[in-house]
Each structure stands twice: as structure tokens, then as C-alpha cells.
Amino acid sequence: DATGSDYYQTQYKIIESRTVAREVIKRLNLENSLEFFPVPKDGIVSSIKGWFGDTMGFWKEWIKSLLHTGIKNADLPQKIDELSPDSGLVSAFISRIDVQPIRNSRLVDVSVEAMSPVMAARMANELVRAYINQNLEIKLAATKDAVQWLSDRIDDERKKVETAENALLRYKEQHGIITDFSSDAEKITAQKLAQLNTQVVEVESRRVEAETRYKQAIAMESTPDMLDSIPEVLNSELIREIKKMEVVLYNRMSELSKKYGRKHPKMVAIESELSDLQKRKIKEVKRVVNSLGNEYKLAVAREESLKKALERQKNESLEMNKKAVQYGVLRRQAESSRNMYELLVKRFKETSLTEEMKTGNIRIIDKAEIPRSPVKPKKKLNLLLAMVVGLTMGVGLAFFLEYLDNTVKLPDEIKEHFNIPCLGIIPVFPANEDNDGIPADLVTVHSPKSVPSESFRGVRTGILFSSIESTPRVVLVTSASPREGKTICSANLAITIAQAGSSVVILDCDMRRPEIHKVFNIKRDKGVSSILVGSSALKDVIVPTDIENLDVIPCGPIPPNPSEILGSQKMLHVIEALKKKYTMIVIDSAPVTAVTDAVVLSHGVDGVLMVIRAADTPRQIVQHSLTQLKAVNAHIIGAVLNGVDTGRNNHYYYYRYYYYYGEDDQSKRKINRRKRRSNSYS
């Protein structure tokens, strides 16, 4: 189908074929053209480009050799030497061709790229001419082959026509067929059969009727009186006349019998007349019966005659049908051979005419003209695309990294993912530096007006109002994983509670990596472990601090079985004893995922405070920790988002307003000096 999409796609590929490309190269002598074989330039830049090209070629060949280690040169086919030497030039020329069909038309736009505008126009025009010539040559070659083939087939079909017509003629002569077996002849034969069949049915009916009447008359012949009931007898004029005469005679006899006796001559004469009438009636009845017999015999003969005629007609019809079948086969063979012959002759004439015309259906609408401006590189478009692609990829990469980041960064995520309240956020503040002798971790002491201090006071308020019934007095501070800042949060939280006027004690129950004693710069030779093992009394391990209303109980010696002693009844007794002396007890424990210490301690406290490091702790770890605590029915009062970056480009930029508004100048200068220092959390 020369109008289908497959046909056009094929033609587009033929335009870009290597055969057409070689013809163009030959016509334009492109193997000696500077377009494809420029003269190498002398210079440093050209030398560098040449060296770079040689190096890249070497590495390409080396990589190919690695990928084809199993193929040896001896195994390559011998025909590899038959490759055309201009294969590279042909490929280079084809790579410059662009064939674009024009929508809603049968036109196609053919363009060729070249460094020289004149050469580009020449190559495009010559490419189309070469394609048209090749298409015409292919058509002419196909036409010649078709003419030769048709000529041979015509001779064969002519012989077949003669053979088929002679066979049909012989068959007609052999069977005496004058006319064709048309549908009219078949209709006439069918009508004859139908008429004969109808006549046979009628004759059979008449024969049965005649037979019935005849047999009935024969049966009544012995009883003459009953013969009067036969319709034919009743319909006889003579019989009716005789009956009339008998009636008259009987009437007369009845009248005379009144006057005369039976043997009176007049009576005898009437009886004699009646006897003669009876004889005449019997004779007439016999004649009627004989006529019925003759009618019956005639009906039988007529029936047999028509049945024979019907049988003969059937045999003739069957014989005619047999002849018609064979005649139809021979006639169709003759007609088919004749039609094929005529078709071949017609096609031969058309093909011969096409061969003489030597024209194609492809023509050039517009020749390629020398372009006035280059088509590439399009610098403005390339720059615009580079900006768009770079911006898109940058934004996409940012969103992708954000999608991969499964850490907790916002307070709303705590409520959304863990279904617990966020009691506050603690911004980043410098650590590991003294401030007039005060440890840098105790920001609520050396910088009471700072944003971190205000944040801790906010957490304190959240804890105090976390329960409607009663304020939690024993708070366990823990985290999901190490280095999230739970110890510093515990210390500063306890300080803010003490600053509010409540007596507070902080217990260091992190018996894996204790840090409270370092924060407050005290010794830990005695502490919680000493009380639990019974080596020290409670009053001996309480260490007062310089902060009013705040005492510390350090960890003490690290025991070999921290979980067992922390989960003992004695630990509960210690907490009860401390509740009598202090308003608030803050317990610093080990991370939940590391060990089971925090889970064990959660039984004896009023609430658990979870510390989460912002943009650092994965949500899955936090969720796993909360699941462990909830499994033992621990009361989780909320979470603190620690280590939040409140820089200008961060979500928490609004916290900086308080920083600049509420702090004094000295604190501002200290903070500015510490901006670039690293932070640590424990």
C-alpha cells in the first residue's frame, strides 16, 4: 500500500540509507572534501586536541578489548576484509541527514548539516536527486522483470485457454449439448416435474374415487333394490323415467284393485307392464355398473401412464444435472483461463507503457537554498536550557534529598508521627566553654536571658501542666539513641525548676556513660549505685550545688548489672524517700534503644520525657523507642526537640527575635565569639 504509514517510513529510511549516501559522496567527490577531511592546524591547541583524541581512542580500544576477551582474531570471519574503505565517511554523512515529514501532507523536509552553507545546500539537493534516481531505477528494474514474467505467463495461459475450450467443445459434441445449462432450462424442467407430479396426484385421486364407486356397485349388484342408492344410477335419465312410469302404474293398479280382482285382465296387464319396466331398469343398472368399471379401468391406465411419464422426466432431469455439473466444471475452467489470459494481456500492456514512460511519483517541490545563518549551536537557547535544567535538577535534587531525609526536624512532626505532644524546642548553643567559672553546658545559669534558657523554661512549664490531675514529681529524661543531648537537657531542666523556687534533685541513672558529674563538675565516687548496693546511705550521696534549691546525686561506681539494680524494689524505695524531701525529681537515664535501663525505670516515675535531636535522629528509631516504653505502660508526657538550628535560613528563624531583644550586650558578644565553634551533646 503506497499510501500507508509503513510505506512512508520505509521511504524515509531509504533516503538515509548507505546506498544513497555513497551515490551522493561519489557525485560530490566528498572523499576529497575539506568538509569531512579538514587540514590539521599547527599549534598548541591543535596538538592538545590531537593528543586528547588519540588518548581517548586508545582507551576506547582498550575497553573494547576487555569486553571482547573471549574473541580471537583467528575466529573473526574472513569477510571482514571486504568492508568498504569509505564506511566511516558514509556513516559521518548519514549522521548529518535529517528527514522530517510534514504533518497532514505527503511532503517531507530533507536537510543536511555542514560547516559550509554552500556545501550544505549542495549535499541536500544532491541527496534528493540521488534518492529520486535510485527510486526510478528500482521501479524500472522491477518493471522490466514484470514485463518478462508477464510475457512468459501469457504464453502459458494461452495454451491453457485453448486446452480448456477444446475440452468443453468435445464434451458438448459427445453429449449432444446445443445450448448452455442456464437457470431458465432448470426452471422449465422443474415446472414440468411439478406439473406431472400434480397430475399424478389428481389421477390417483380420481382412480381411487372410480375404484370406490365401481367396487360399491359390484357389491350391491346382488341386491337390485340397493342399486338405486348409487349416484350414477340415480342420475340416469332412463332410470328416472322408468321410476315415473312405475309410479303411474302403481297408482292405476291401486285404483283398479278397488274394482277388480288380482286376476282381472286389466290387473294382469298392469303387472306385465311393471315386470317389463323392472327388467328394463335392471338392464340399465347393469349398463351403469359396466360404465363405472370402464371408468375405473381408464383411471388406472391413465395413472400408470402419468407415473411412467413422471419417472421418465425424473431420469431426464437427473441425467441433465449430471451433464450440467461436468459441463459447468469445463465451462468455468475455460472462462477462468480466458479471464486470466485477458488480465495478463491487460497488465502486460500497462507495464509496457509504464516502462516506456520512465517517470516516478516523487518530485522536488523546493530546492535547498544556501542558509543565511547557522542552525547550531544556538547559544541563547543553550544557555536558557542550561539554566532551566540546572534549576530543575537542583530543585529536584533538593526535594529528593528532603524525601530521603527521615529525621525529625519540626515540632509538628512529633505530633504527626508519634502522637505525643512537643513540650518545646531547644536551639543550638555553644558548649564545652567556661563562662566566668560556670560550665558552658549550664546555659540557664550563665545566660539566663538567652533563647536556650527561655526554651528550657518553656519545657518546664509544659511538664508542670502536662497532667490535669496532678503535676508530675518524678520525671525520667531519656532519648532514643546516644548523643542526643538528654544529659544537658536534664541538667538545665532541673535548674529552671529550681530557679522557680521548687526543691529539685537530679539523679544520674545512666550507668553506662554517666555525664551529670561532668556537667556539675563533681565527683562520682559515691552515688545511685552506692545506695542500691547498700554501700552508702542516701544522705551521704546527695551533693549540694551552687544553684539554690538544686541537689545532685551522681551515678557512683558503674555496676556490672545496671538493669537489675535499677529495676529493683530498692530503687523504688529511694525514689519514695526523695519525694518526701524534694518537690521534683529529675532522672537522667541511658538511651532506650541502647539498653533496657530506661524501660525498667519507667515503672517508678510519673512521666517520661523523650529528647530528640533535630535533623539527626531517624523517625524509625524514635518510634521503636516509644513502642518499647508503651509496651510496659510507661506514661510519656511528651518530647523535646533538641539542637535546633535557628539560623536565618531555617524554619526557626522567629526564635532569633527573642535572642536580639532579650539578651544583654555582653551575652551578645559572647554568642558572637562562639558562633563558629563546634557543639557537643551527651
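Residues numbered from 1 in each chain as written. Predicted model: local features only at pLDDT ≥ 70, side-chain atom pairs only at ≥ 80, totals over all residues. Heavy atoms only, no water.

Now for empty space enclosed by the protein. Tallied over the full model, the rule gives 1 cavity of 30 Å³ or more. Empty space within the largest cavity amounts to approximately 30 Å³. For the lining of the largest cavity, the secondary structure elements donating two or more residues are α14 (451-464) and α15 (486-499). (1 Å grid on protein atoms, 1.4 Å probe; cavity = no way out; pocket = protein on both sides within 12 Å on 5 of 7 lines; lining within 4 Å. Points joined across faces, edges and corners; volume = space filled by probe spheres on them. Helix = DSSP H or I, 4+ residues; strand = E, 2+ residues; numbered from the N terminus.)

Turning next to the pairing of strand β3 (residues 422-427). Counting buried residues along β3, 5 of its 6 residues qualify, which places the element largely inside the surrounding structure. Relative to strand β10 (residues 636-644), β3 runs parallel, the two sharing 5 bridges. Counterpart to proline 427 in the pairing with β10 is valine 644. (Buried < 20%, exposed > 50% of the residue type's maximum accessible area, 1.4 Å probe, protein only. Pairing = 2+ DSSP bridges.)

This part covers the sheet that holds β10. Ordered in space as β3-β10-β9-β4-β8-β5-β7-β6, the 8 strands form an open sheet in which the pairing is mixed. Taken across any chain shown, the strands that pair with only one partner, and hence form the sheet edges, are β3 and β6 (543-544). Pairing of strand β4 (residues 474-479) with strand β8 (residues 584-588) involves 4 bridges; the strand directions are parallel. From the neighbouring strand, valine 477 faces β8, where its bridge partner is aspartate 588. Along the sheet, α15 contacts β4, β5 (504-508), β7 (550-553), β8, β9 (607-613) and β10; its crossing angle with β8, the most-contacted strand, is approximately 170°. (Contact = heavy atoms within 4.5 Å. Axes fitted to C-alpha atoms, helices over the stretch in contact; angles between N-to-C directions.)

Attention shifts here to the confidence of the model for the protein chain. Atom-level detail of predicted coordinates should not be read off regions where pLDDT is low. The predicted model of the protein chain has a mean per-residue pLDDT of 80, with 82% of residues at 70 or higher. Low pLDDT (under 50) marks residues 70-82, which in the prediction has 1 contact with non-local residues, meaning those over four places away or in another chain. Predicted confidence is poor over residues 653-671, with pLDDT under 50, and the contacts of this stretch with residues over four places away or in other chains come to 32 contacts. (pLDDT = per-residue confidence, 0-100.)

All buried positions along helix α2 (residues 18-28) are accounted for by Val20, Ala21, Val24, Ile25 and Leu28. Down the axis of α2, the sector holding all buried residues measures 140°, keeping them to one side. Of the residues in α2, the exposed ones pointing more than 90 degrees away from the buried face are Thr19 and Lys26. Among the structural elements, α1 (5-15), α4 (87-95) and α5 (117-175) are those in contact with the buried residues of α2. Just beyond α2, the residue with positive phi is asparagine 29, at close to 55°. (Arc of directions from axis to C-beta.)

Further remarks concern the layout of surface pockets. For the largest pocket, the calculated volume is near 1400 Å³. Looking at the largest pocket, it is lined by 42 residues, and the ones nearest its centre are Val108, Asp109, Val110, Ser111 and Val128. Elements with a minimum of two residues in the lining of the largest pocket: α1, β2 (108-112) and α5. The biggest single contributor to the lining of the largest pocket is α5, with 7 residues. When the residues that make up the lining of the largest pocket are grouped by side-chain class, the tally is 25 nonpolar, 6 polar and 11 charged. (Nonpolar A, V, L, I, M, F, W, Y, C, P; charged D, E, K, R; others polar.)

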